[in-house]
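The chain contents come next:
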Amino acid sequence: MGDQNADRMSAMPLPTPLQLKGKSVIVIGAGPGGLWSAQELKKLGLDNVTVVEARNRLGGRIMNSEESPQHKGFAPQYPVELGPEFIHGDKENLLLDFIREKGVKGKPVKLLQLAWPNYFYFGKEGRLVSGKEAEGDKELTKMFDVFEMTEGLDADLIPEENLLQYMARMGTPSRVLDMADAIMANDYGAEMSQIGLKETVHEQNEWKYGEDYLVLDGCTMSEVVAEMAKGLNVKMSWKVKEVRYGSGGGKVRVIRDNGEELTADAVVVAVPLPILRDKDIAFDPPLSEAKAQASSLIRTGNAVKVVARVNKKFWPDDTWDVVCSDSFIPELWLTPAARCLAGEKMESYYWVGFVSGERADRLRRLPQAEVNRKMLLQLDAIFGSTENKHPASDACTGFLIADWGLDALAKGAYTHPALGAHGQRPILAAPEGSKLFFVGEATQEGCNPCIQAAMETGARGALEVVSSLATLRARL
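As the structure is a computational prediction, the values presented were derived from the model and not from experiment.

Conventions and cut-offs
Residues numbered from 1 in each chain as written. Predicted model: local features only at pLDDT ≥ 70, side-chain atom pairs only at ≥ 80, totals over all residues. Heavy atoms only, no water. Helix = DSSP H or I, 4+ residues; strand = E, 2+ residues; numbered from the N terminus. Rg over C-alpha atoms; globule rule 2.2 N^0.38 Å. Buried < 20%, exposed > 50% of the residue type's maximum accessible area, 1.4 Å probe, protein only. Contact = heavy atoms within 4.5 Å. Core = buried A, V, L, I, M, F, W, Y, C linked by side-chain atoms within 4.5 Å. Axes fitted to C-alpha atoms, helices over the stretch in contact; angles between N-to-C directions. Parallel < 35°, antiparallel > 145°, perpendicular 65-115°, else oblique. Nonpolar A, V, L, I, M, F, W, Y, C, P; charged D, E, K, R; others polar. Pairing = 2+ DSSP bridges. Phe/Tyr/Trp six-rings, centres within 6.5 Å; stacked < 30°, edge-to-face > 60°. Lys NZ or Arg CZ within 6 Å of the ring centre and 35° of its normal. Salt bridge = Lys/Arg side-chain N within 4 Å of Asp/Glu carboxyl O. Expected span 1.5 Å × (residues − 1).

*Asks:* Can you help me understand the overall build of the protein in this one?
*Replies:* Tallying secondary structure elements over the protein gives 18 helices and 21 strands in all. Since a compact globule built from 476 residues should have a radius of gyration of about 23 Å, the 23 Å found for the protein is in line with a globular shape. Over its C-alpha atoms, taken along the principal directions, the protein stretches across nearly 80 × 50 × 40 Å. Per-residue burial over the protein gives 58% buried out of 476 residues. Residue pairs at least 24 apart in sequence account for 74% of intrachain contacts in the protein once pairs closer than 6 positions are excluded.

*Asks:* When you look at the nonpolar core in this model, what are you seeing that I'm missing?
*Replies:* Soluble globular proteins tend to bury their nonpolar side chains together. V25, V27, L41, L46, L95 and V465 are the most contacted members of the largest nonpolar core, which has 41 residues in total. No other element matches the seven residues that helix α18 (residues 451-475) contributes to this core. Beyond its immediate sequence surroundings of up to four residues, L41 is in contact with V25, V27, L46, V49, V268, A462, V465 and V466. Formed by 30 residues, the second largest nonpolar core is a distinct cluster that contains V304, L332, A360 and L379.

*Asks:* Would you mind going over the packing of helix α4 (residues 94-102) against helix α10 (residues 221-228) with me for this structure?
*Replies:* Angle between the axes and distance between the axes are the two parameters that describe a pair of packed helices. Between α4 and α10, the least distance of the axes is 11 Å, while the angle of their chain directions is 80°. With respect to their mutual orientation, α4 and α10 come out roughly perpendicular. Side by side, α4 and α10 meet where L95, F98 and I99 of the first sit next to M221, V224, E227 and M228 of the second. Here the residues of the contact of α4 with α10 are counted per class, giving six nonpolar, no polar and one charged.

*Asks:* Mind showing me how you'd approach the sheet that holds strand β16 (residues 321-325) here?
*Replies:* Paired through backbone hydrogen bonds, the strands of a sheet run either parallel or antiparallel to each other. Pairing is mixed across the open sheet formed by seven strands, whose spatial order is β6-β5-β16-β17-β18-β15-β19. Single-partner strands in this sheet number two, and they are β6 (127-130) and β19 (396-403). For this sheet the average axis-to-axis angle between neighbouring strands, irrespective of direction, equals 20°. Two elements, strand β15 (residues 303-310) and β19, share seven bridges in a ladder whose sense is antiparallel. Across the sheet, the residue bridging to V310 is C396, located in β19. Running over the sheet, helix α14 (residues 357-364) touches β15, β18 (349-356) and β19 and is turned about 110° from β18.

*Asks:* Looking at this model, I keep getting lost on the packing of aromatic side chains. Mind explaining?
*Replies:* Working definition: an aromatic ring pair is given by the centre-to-centre distance plus the angle between the planes. Overall, the coordinates contain 16 aromatic pairs when judged by the stated rule. On the basis of an interplanar angle of 85° and a centroid distance of 4.7 Å, the ring pair of F314 and W315 is categorised as edge-to-face. Judged by relative accessible area, which is 14%, F314 ranks as buried. According to the relative accessible area criterion, W315 is buried, its value standing at 7%. Their ring planes at 85° and their centres at 5.5 Å tell us that W315 and W351 sit as a pair that is edge-to-face. With a gap of 36 residues between them, W315 in the loop between β15 and β16 and W351 in strand β18 connect regions that are remote in the sequence. Taken individually, W315 and W351 each receive the classification buried, so the pair is uniform in this respect. Among the aromatic residues, ring-to-ring pairing joins F86, W116, Y213, W320, W333 and F354 into one connected group. We note R175 situated over the ring of F122; from NZ or CZ to the ring centre the distance is 4.5 Å.

*Asks:* Could you clarify how one ought to interpret the environment of P330 in this entry?
*Replies:* Assignment of secondary structure puts P330 in the loop between β16 and β17 (331-335). Note on P330: relative accessible area 0%, which makes it buried. Taking the C-alpha atoms as reference points, P330 and D181, separated by 149 residues in sequence, lie 8.1 Å from one another. Dropping the residues within four chain positions of it, P330 is found in contact with A182, N186, V322, V323, C324, F354, V355 and R359.

*Asks:* I would appreciate a short explanation of the pattern of salt bridges in the present structure.
*Replies:* It is possible for side chains of opposite charge to pair when their charged atoms get near one another. Taken as a whole and judged by the stated rule, the model has 33 salt bridges. One salt bridge in this structure joins K411 and D278, with 2.9 Å as the shortest N-O distance. Taken as a pair, K411 in the loop between β19 and β20 (414-416) and D278 in the loop between α11 (273-277) and β13 (282-284) lie far apart in primary sequence, 133 residues in all.

*Asks:* Just to check I follow, could you spell out helix α8 (residues 177-188) for this structure?
*Replies:* Residues spaced three or four apart along an α-helix point in a common direction, a consequence of the helix completing one turn every 3.6 residues. Taking 1.5 Å as the rise per residue, α8 with twelve residues should run 16 Å; its terminal C-alpha atoms sit 15 Å apart, in good agreement. Taken across its twelve residues, α8 has ten buried, putting it largely inside the fold. Regarding α8, the residues found buried are L177, M179, A180, D181, A182, I183, M184, A185, N186 and Y188. After α8 finishes, the residue G189 shows a positive phi value of roughly 110°.

*Asks:* Please explain the pairing of strand β5 (residues 119-122) as it appears in this structure.
*Replies:* Successive residues of a regular strand alternate their side chains across the two faces of the sheet. Of the two faces of β5, the one lined by Y119 and Y121 and the one lined by F120 and F122 are each fully buried. Hairpin geometry of β5 and β6 is characterised by an intervening segment of four residues between the two adjacent antiparallel strands and by a positive phi of about 60° at G126. Summarising the sheet, β5 and β16 pair through four bridges and their orientation is parallel. When the bridges of β16 are listed, F120 appears paired with V323.

Okay, structure coming up:
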């Protein structure tokens, strides 16, 4: 989180156990933000913490193929992550610290650190270039230099424009503009024309985690989430319909879709942004106009993963990721990357095609078989040879498509730097009165949509809760 938010947290007075005695909190949502908030609340002295979750599993947007009824059996040996797959950055990373400290099922977790991007594919040229070779491409270097120039700008002083306008205005060669879209914008979760420069600048200036990617070796993200939930009281399949938090000193009432009711002294809301935006949970009294506006201005992009299962290897040994310009799929990677790069001979390998934003929405309109055909043809174009022109098409034994825009409890993947949204995240994060608190990646003031950011907001929310509860008790 940003330094300003960290300073605010450090200034919050820590209550004594006596001040919190008898107090209760309900956390709505069992994703990383909600689970971490609940654990932090317990560490701070609150014994009565209940997490309610609409799904029948933990993790929110963290899910693998073996947890999906639709895709179970697709990758039984190495479940494919349908949601977050990478740990972004190896510095000041709560998720990484948690994994290293706790492990999974009592055992240490192996991690593999990866440099990204690994390979570049120029679709119009039909040319695959390694990361090392790309260092000699002056136009590609110019593209990266232009983007890196956003770091150090003042988001409050520059005019708002989209990232495409900025990249073009600063002289990015036209040949690599679509590569910029594939690398930066697709990773952010939208197309460059939808990425706001002000929030991009803010995100660049606030990013403190390092640039490398890390992947789990031998376990899934869901297993990490299960460790995060240990010791918590979590009620599954408990979909919240309404939260009545009033304005007086009474309890907050949290009402389930079947009429069941729980009460608490405070509630932490840890649901995806679109759930707030679309008023899928009713609040009485209604949330402030400022928060409603923030939930509309901050944008959540869609993301689709297309996964092709193949039974033969047809790529260079050092391959794990390819970013692709002027192509159907802007980014492709192998999973599990750690096993593939170790040279392990596997019965099946899995190529993941990652598409976000409006590209993902357009992809959804195609028949699934056509999506698979187009992705395989792209892999054929990248890795085919005179001797074998269709290595991917010939080796494919199955495919799946995971579309987070169709998930009614997520309605998209994660938030991205949006036009007109600069300064709105602190408003979204702000408590409503003394009883209602908000966490989750959309509330992270540094515009970071990663898992560690959601955890950071969970810690911030927990401090806000206990500070408020202690203050209320002191007034009585």
